Amino acid sequence: MDEARLVAAAVEARRRAYAPYSGFAVGAALLSTGGKLFTGCNVENASYGLTVCAERVALFKAVSEGVREFAAIAVACGDSPCSPCGACRQALYEFAPNLKVILADGEGRRWEALPLSSLLPKGFGPADLAGG
Ligand code: THU
């Protein structure tokens, strides 16, 4: 799947965001290495801290469906592209330290792609636990 289609899926998912408190809608589209697509949107809560980001919704949907290997994720938000929060970087790193991350604006008009390793250099992952 090319970048444009992945971005389009993230833009579509963004329309389903439940963000009445922040007003900031985010969509994500996560592509497995086997070609399956999992989408997510941010889901907020009146108890604010329970909010889950779009990226983790997509990731947890995939993992709960038995899929653990990923090639790329597109994230769509706002007037200009934004970058996954630290918690989402760590959650993605667990399964895909070499993931391609595509940062898009909320309408999918422009985007940039970069490796997760550049967003989370020297990340802590499952392999590190082996050395304990
Ligand atoms: N949000 C995401 O869904 N993904 C990110 O990477 C950054 C932040 C959501 C969480 C919250 O619902 C809203 O954006 C404002 O922080």
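Residues numbered from 1 in each chain as written. Predicted model: local features only at pLDDT ≥ 70, side-chain atom pairs only at ≥ 80, totals over all residues. Heavy atoms only, no water.

We now examine the pattern of salt bridges. By the definition in use, this model includes three salt bridges. Glu3 is the partner of Lys100 in a salt bridge, and the nearest nitrogen-oxygen pair spans 2.9 Å. Taken as a pair, Lys100 in strand S4 (residues 100-104) and Glu3 in helix H1 (residues 3-14) lie far apart in primary sequence, 97 residues in all. A relative accessible area of 26% means that Glu3 is categorised as partly exposed. (Salt bridge = Lys/Arg side-chain N within 4 Å of Asp/Glu carboxyl O. Helix = DSSP H or I, 4+ residues; strand = E, 2+ residues; numbered from the N terminus. Buried < 20%, exposed > 50% of the residue type's maximum accessible area, 1.4 Å probe, protein only.)

This part is about the UniProt feature "binding site: Zn(2+)" (unreviewed entry) in the protein. Taking the UniProt record as the reference, the feature "binding site: Zn(2+)" (unreviewed entry) is found at Cys53, Cys85 and Cys88. Spanning 36 residues, the annotated positions come together in the fold, the maximum distance between their C-alpha atoms being 8.4 Å. Tracing the backbone through its elements, the reader meets Cys53 in the loop between strand S2 (37-41) and helix H2 (54-64). Along the polypeptide, Cys88 turns up in helix H3 (residues 86-95). Here Cys88 falls in the buried class, since its relative accessible area comes to 1%. When near neighbours in sequence (up to four residues on either side) are disregarded, Cys88 contacts Cys53, Glu55 and Arg56. (UniProt positions renumbered as here; feature names shortened; annotations may be inferred. Contact = heavy atoms within 4.5 Å.)

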